[in-house]
Structures are given as structure tokens and as C-alpha cells.
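# Analysis of the macromolecular model
Spelled out, the chains give:
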Amino acid sequence: MNEKHDSDCRSKYTQKLSHTSLTQDEKTEATYHMGETNDKDIHSCSCVIPIIFQYLPAKDLLCAQRTCKEWQAELTPPSPAATWLYQSIVASRWPWAKVPCLTSNDDNGATYAEAINYAERMKELYIKSQYVQESLLPTVWSDNDFRQSCKYGKYSRWVLAKQFDDGAFLIDLAWAVRILYCLGPQAYLTLDGADTSAYDPAFSTCASDSPGWRLISNRNGYSAMVQQQLLLGKDSYASLEILDQVMTQGKHVHNGPRKPLIAHILEQQPEIQLTKNKNWSRAMDLEEHTKLLSFLLRHPESRRALLWDIDGVVCRGVTSLAKERYECWDTLTEACSVGEPLSRQIPHMFNMAKLGQHVEALSWDECCGF
């Protein structure tokens, strides 16, 4: 940078500092390095740019990235500031989601190479997640042939309703499957041969010799004790709350871009916060959600199978699968039947849990390698 350019930069960012949320000490540190509060021979603003970038919101960082080549380089991996950039825009775009953390096997902290890899990973996560939701989803869902074919299915014709035209509800469905798989009863992954069975979308659309179907066809095996193992606790019941609200479409009025139902649930009922544990972090993992959504969009039969599973559960009343009458959930406030699952709901629950397990076992490239 030449002297005039450095002077312009210092002037611009002195003004910027006055409008940011930095503390006075932080502002002093920044202006000190720009040569405004000391006599040291530091006249270039290049050394203070990374400091300032750490305190700017995502939208300002994106603008800074387009300002000049030097700042673009500063906000591009392997620059340390690039990590902050992509962490910020991912957190801003999906504030309810869990994103990967920078980890290291070194007791002294992350190495330079690990930091570079992390910045690249965050960049790819942002680009791919945005692409899947904002480009791939509307492109796939605009295929009228698939939607029209759904009218011939007993449990899939519900998606022909106008409120599902934009396909955004598929984002909600992927979150619901993640929550059911990660927080739901392990019985859906272990009982009736589920622990050795492979995922197959055909199990969703017709009775078969598969987990769930075998269970309900065996009256002696489907006992009251087994039923209790299939009921959902307060946290995992969020999955059924989402599915029920997706199908009723209209409990939330949206002025502007539509947010996923999980975001509304966490905003409106912060006391729930779905127990903060490892399973919760897995359920809200943005990488895994992106993998699942991409898998559904690229595999029409799995997408159709999930539509069958959802209606097969919701049309019979999701409250019957709740372990208790949890007051925090809308669907349970006036529920008539709680803790008494209907047999035909059970195979569909097995299938959704198995879908979550199947996709999580796939690699990022297998699902999002495009």
C-alpha cells in the first residue's frame, strides 16, 4: 500500500471504530497500531486490519472483502481473519445450528495447518449449505413431475397443497429427522432387527419384512413394555412437533424470509433449549443437516419415502408417541391420547430413525460432492 492509501485507510477506520461495539480499550489498541496514539514508526494500517475485522459483523466483513484486493486476501484462507469471517456468516445465517469447532491434538493449541484447514472447512460449509438450501432445493422442487407423482401415493399427496410450493418445508423435515435420530429412543435403532438392518426407502411405502413392520405383526412381541420404549421424551418430541406444524402449515405468520420451525421453537420456548449435551449438538449439527437435506434432494425415492413416513405418523396423531403430557409443546396442550402409540405409526418411526443413521454414516463428499 502507498502512503496516501494508508492514510485513507486510517481515516476510514477511525470513523468505523467510533460506530462499532468495541470497548474503549479495544479502540485504543486499534488506533495505537495505526500510529494515532504513539510515536512508533508504524504508519501502515495493514497490521490493524485483522484486529478490526474481529469486531465487525458478518455483513460488514463481506463488504470489506469486496473493497480491495488486500482486504480480500486478508479474509481468504489461510489468513486467520478468514476463520472469523466464515464463523460469523455461518452463525448469522444459521444461529440455531451447531458448527464445527477448531480442535487440536497439540497441547499448545491449534497448529497453523489446522487453522488453515478449519478456515477452509468453514468456508466450504457456508458455500455448500447455502447452495443446497437456496439453489439445489428450489431447482429440485420445481420439478413438477415429482410432485405430480405424489398424488398417487396414499401418504404423499399432501405435498400438492399450495403452501408447499416453495419446498422450504424440506429444511424443517431434515431438522426433524436429525432430532429424532439423535435424541429419540434407541429402540428405533436396536429393536426388531433394526441394529442389523440396512436403510431401504421401500420399507416406508408398503408393509414388509423389516423393522417395525415385523414388530406390529407379532402381537406377542408388541407388548406394553415395548411400547414404553418407543415413546419420546420432551427433547426428542421436538421432532414430532416440527412434523405436525409442517403439515398444518400456518401456525406461524411470516413477514419476510421464512425461518425453519426449529428456530421458532427455540425462540418462543427458550426454557426448552433441548438439553445441552452431545446428542443435542449432534442433532443441530449444520454439516449433518446439510448432508441429509442434500441426500433427500438427490434421491427422489428417499424423499418420497420420508413424505409417506411423516403422514403415516402425523395423520394418526403425534401426541400418542409422547411419553408424558409436556406442557411446553403446543400439540400436547389439549391432547386426548398420550403415551398410546398406534401400531401403524411404529414402522414409519423406525424408517425415519434409520434414514438419519444411514445419512450420518455417509461422508460429506458422498452427500455434498458437487
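Residues numbered from 1 in each chain as written. Predicted model: local features only at pLDDT ≥ 70, side-chain atom pairs only at ≥ 80, totals over all residues. Heavy atoms only, no water.

Enumeration over the complete set of coordinates arrives at two cavities of 30 Å³ or more. There is about 80 Å³ of room inside the largest cavity. Residue lining of the largest cavity: Tyr188, Ala194, Ser197, Ala198, Tyr199, Asp200, Phe203, Pro211, Phe350, Asn351 and Lys354, and that is the complete set. Of the residues forming the lining of the largest cavity, the biggest block, three residues, is contributed by helix α19 (residues 346-361). When the residues that make up the lining of the largest cavity are grouped by side-chain class, the tally is seven nonpolar, two polar and two charged. (1 Å grid on protein atoms, 1.4 Å probe; cavity = no way out; pocket = protein on both sides within 12 Å on 5 of 7 lines; lining within 4 Å. Points joined across faces, edges and corners; volume = space filled by probe spheres on them. Helix = DSSP H or I, 4+ residues; strand = E, 2+ residues; numbered from the N terminus. Nonpolar A, V, L, I, M, F, W, Y, C, P; charged D, E, K, R; others polar.)

Here helix α6 (residues 80-93) is 14 residues long and its end C-alpha atoms lie 21 Å apart, about the 20 Å a rise of 1.5 Å per residue gives. When we look at burial in α6, the residues that qualify are Ala81, Ala82, Thr83, Leu85, Tyr86, Ser88, Ile89 and Val90. (Expected span 1.5 Å × (residues − 1). Buried < 20%, exposed > 50% of the residue type's maximum accessible area, 1.4 Å probe, protein only.)

With that out of the way, let us pick up the pattern of salt bridges. The full count for this structure, using the stated rule, is eleven salt bridges. Between Lys162 and Asp165 there is a salt bridge; the shortest N-O distance is 3.8 Å. For Lys162, a relative accessible area of 67% gives the class exposed. Of the residues examined, Asp165 reaches a relative accessible area of 38% and is grouped as partly exposed. Here Asp192 makes a salt bridge to Arg214, at a shortest N to O gap of 3.6 Å. Residue Asp192 is located in the loop between α10 (187-190) and α11 (202-205), and its partner Arg214 is located in helix α12 (residues 213-217); the two are separated by 22 residues in the primary sequence. A relative accessible area of 27% places Arg214 in the partly exposed class. One salt-bridge network, in which partners are shared between bridges, spans Arg147, Lys162 and Asp165. (Salt bridge = Lys/Arg side-chain N within 4 Å of Asp/Glu carboxyl O.)

Packing of helix α9 (residues 169-183) against α19 brings their axes to within 8 Å, and their N-to-C directions diverge by 90 degrees. It follows from the interaxial angle that α9 and α19 lie roughly perpendicular. In this structure, α9 uses Val177, Arg178, Leu180 and Tyr181 to contact α19, whose residues at the interface are Met349, Met352, Ala353, Leu355, Gly356, Gln357 and Glu360. For the contact of α9 with α19, the residue count by class is seven nonpolar, two polar and two charged. (Axes fitted to C-alpha atoms, helices over the stretch in contact; angles between N-to-C directions. Parallel < 35°, antiparallel > 145°, perpendicular 65-115°, else oblique. Contact = heavy atoms within 4.5 Å.)

Attention shifts here to the side chain of Ser204. As for its placement among the helices and strands, Ser204 is situated in helix α11. On the accessibility criterion, Ser204 (2% relative accessible area) is buried. In this structure the side chain of Ser204 is engaged in a polar contact, spanning 2.8 Å, whose partner is the side chain of Asp309. A polar atom in the side chain of Ser204 sits 3.4 Å from the side chain of Asn351. Residues within four places of Ser204 in sequence aside, it is in contact with Ala305, Trp308, Asp309, His348 and Asn351. (Polar contact = N/O pair within 3.5 Å; in protein donor to acceptor, adjacent residues only side chain to side chain.)

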